Amino acid sequence: MKNFIKPFAIASAVSLMTVASAGVVGAQSMQNDADGTMQVQQAQSKWKFDSNRHERRRHKDDKFRFHFGGFWYPQPYWLGYGLYAPYRITCGEGRAIVRDRGFNRVRTVECAGRTYTYLGRRHGDTFRVLVNSRRGRIIDVDKIS
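What you see is a predicted model; the values in this text were computed from it and never measured.

A. Inspection of the nonpolar core at higher detail. If you look at the biggest cluster of nonpolar residues, it comprises 10 residues: I89, I97, V98, F103, V106, Y116, Y118, F127, V129 and V131. Elements that contribute at least two residues to this core include exactly α2 (91-100), β6 (115-122) and β7 (125-132). Top element by residues in this core is β7. It accounts for three residues. Dropping the residues within four chain positions of it, I97 is found in contact with I89, G136 and I138.

B. Representation of the packing of aromatic side chains within the structure. Per the counting criterion, the structure on display carries one aromatic pair. Lying over the aromatic face of F71, R56 brings its terminal NZ or CZ to 3.9 Å of the ring centre.

C. The arrangement of the pattern of salt bridges in detail. By the definition in use, this model includes four salt bridges. Where D100 meets R99, a salt bridge forms, and the shortest distance between an N and an O atom there is 3.8 Å. In this structure D100 comes out as partly exposed when scored by relative accessible area, which is 43%. Residue K143 pairs with D125 through a salt bridge whose shortest N-O separation is 3.5 Å. Here the residue K143 occupies a position in strand β8 (residues 138-144), and D125 occupies one in strand β7, the gap between them amounting to 18 residues. Its relative accessible area of 29% is what places D125 among the partly exposed residues.

Reading guide: rules and limits
Residues numbered from 1 in each chain as written. Predicted model: local features only at pLDDT ≥ 70, side-chain atom pairs only at ≥ 80, totals over all residues. Heavy atoms only, no water. Core = buried A, V, L, I, M, F, W, Y, C linked by side-chain atoms within 4.5 Å. Buried < 20%, exposed > 50% of the residue type's maximum accessible area, 1.4 Å probe, protein only. Helix = DSSP H or I, 4+ residues; strand = E, 2+ residues; numbered from the N terminus. Contact = heavy atoms within 4.5 Å. Phe/Tyr/Trp six-rings, centres within 6.5 Å; stacked < 30°, edge-to-face > 60°. Lys NZ or Arg CZ within 6 Å of the ring centre and 35° of its normal. Salt bridge = Lys/Arg side-chain N within 4 Å of Asp/Glu carboxyl O.

Below, the structure written as structure tokens:
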């Protein structure tokens, strides 16, 4: 019985990911016409890059984290409206953001909830730094006595 559960779980996870990604990337559906012939309909994403509204780069960095069509974007615009794309920065990404803002010896205090808390040193003083877990922005910097 144990030998059956693991392959079944893997197969069901793969099929679930396939079904879920079909709506995002584009899907095909078959329909019967009035005369009984089968018609293939292709759902296309209507998202197009607009340089006045969107930014893109060839290389990934802290701001450009989403990859699509050979470019990196700061936000996943191509998902369309009505699709929820939960995204949080990782604890390590938050630590890198704090380090890139001029703090050294950055230590993690807490990586849960809406804000991540770090301790970092700058110019010999210790600071408590709060980072928004969804946007990756530094919310507050407090000097610790």
